[in-house]
Amino acid sequence: MPFRKSSISSDEFHDGDHRYEHWYRDNTVYFLTARCRGKTHAFQSEEAKAIFWDRLLHWAQHYGFVLWVVSLLDNHYHLVGYLKNGENLGDFMRRFHGSVAKLVNDLLPEKLAPFWYDSGKQGYWDGCLRKEKQGRKSYRYTLLQAVEAGIVKDYRDYPHTRIFIEVERAIRRANELNVWLEDVPYKRYQQ
C-alpha cells in the first residue's frame, strides 16, 4: 500500500508544534477541509458557490476523486471522498483550489491572496481515514455543517450540502475495497 508524506520542511516540529504534512496513500477515504483566508465570506454569493461546485466536480472527475458528501459554507468547506491513486491528491487540490481562487477572486470587490489559508500556512487539511468509524463520523460531521452553523434545522434544506453517495453504500464499498487501516499499527503505516 503506497504511502508518501509531503511537507514544506523536513523538520518534524516548528515552534514546539508538530509540523503539518499532507499524506498521499492509495486506496484511501479522505476527509478534506479548507477555509478562506481571514474567514472571509468569499462564497456568500450564489455565483461564487456555483464556481466552487463547477470546479470541484470537474477536477474530482479528472483526478478520479469519488465524492461521498460535501458541504460548502460561506467561508469554508468540508468533504469526504475516496481516491484510488493517492499521488493525485496534491494535483487535484492545486487545480481545484487554484481555479476556484482565480474565478471567485474575479467576483470579489477586493482580491483575496492567498485565497485559501489557515493558521499552519497550509492551503487545506487532509486526513486519511483509518477506520470505518472515522468514515462514518466524518461523513456525519460534513453532512451536518449547515445545521451546526445555524443556517438550517435540517441538512436537506441547505442546497450546498450535497450527498453523492449515501453513507451505507459508501461504507459498504470502502469495506469491499479494503481501505481501512484499523488493524495496522500507526507507526507501521507511517513509514
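For the structure, check the block above.
Residues numbered from 1 in each chain as written. Predicted model: local features only at pLDDT ≥ 70, side-chain atom pairs only at ≥ 80, totals over all residues. Heavy atoms only, no water.

Engineer: Run through the environment of Ser-45, naming residues and quoting values.
Structural biologist: Take Ser-45: it is sitting in the loop between strand 5 (28–35) and helix 1 (46–63). Separated by 29 residues in sequence, Ser-45 and Asp-74 place their C-alpha atoms 8.1 Å apart. (Helix = DSSP H or I, 4+ residues; strand = E, 2+ residues; numbered from the N terminus.)

Engineer: Which residues make up the sheet that holds strand 5, and what values go with them?
Structural biologist: Overall, antiparallel pairing links the five strands, which are arranged 8-5-7-6-9 in an open sheet. With one partner strand each, in any of the chains shown, strand 8 (125–128) and strand 9 (161–163) form the two edges of the open sheet. Adjacent strand axes in the sheet meet at a mean angle of 20° when their direction is disregarded. Pairing of strand 6 (residues 65–72) with strand 7 (residues 76–83) involves seven bridges; the strand directions are antiparallel. (Pairing = 2+ DSSP bridges. Axes fitted to C-alpha atoms, helices over the stretch in contact; angles between N-to-C directions.)

Engineer: Can you lay out unusual backbone geometry for me, pointing to particular residues and giving the numbers?
Structural biologist: A cis amide bond, omega -5°, links Ala-113 with the succeeding residue Pro-114. You will see that Lys-39, though not glycine, has its phi angle at about 55°, which is positive. Within the secondary structure, Lys-39 is located in the loop between strand 5 and helix 1. Even without a glycine there, the phi angle at Asn-178 is positive, about 55°. Topologically, Asn-178 is positioned in the loop between helix 5 (167–176) and helix 6 (186–190).

Engineer: Describe the pattern of salt bridges, and please don't skip the residues or the numbers.
Structural biologist: Taken as a whole and assessed by the stated rule, the structure comprises eight salt bridges. A salt bridge links Arg-136 to Glu-168, with the shortest nitrogen-to-oxygen separation between them at 2.6 Å. In this pair, Arg-136 sits in helix 3 (residues 132–143) while Glu-168 sits in helix 5, placing the two residues 32 residues apart along the sequence. Relative accessible area serves as the criterion here: at 43%, Glu-168 is assigned to the partly exposed category. A salt bridge links Glu-176 to Arg-173; the shortest N-O distance between them is 3.2 Å. Of this pair, Glu-176 and Arg-173 are both found in helix 5, three residues apart, which corresponds to roughly one turn of the helix. Through salt bridges that share partners, Glu-132, Arg-136 and Glu-168 make up one connected network. (Salt bridge = Lys/Arg side-chain N within 4 Å of Asp/Glu carboxyl O. Buried < 20%, exposed > 50% of the residue type's maximum accessible area, 1.4 Å probe, protein only.)

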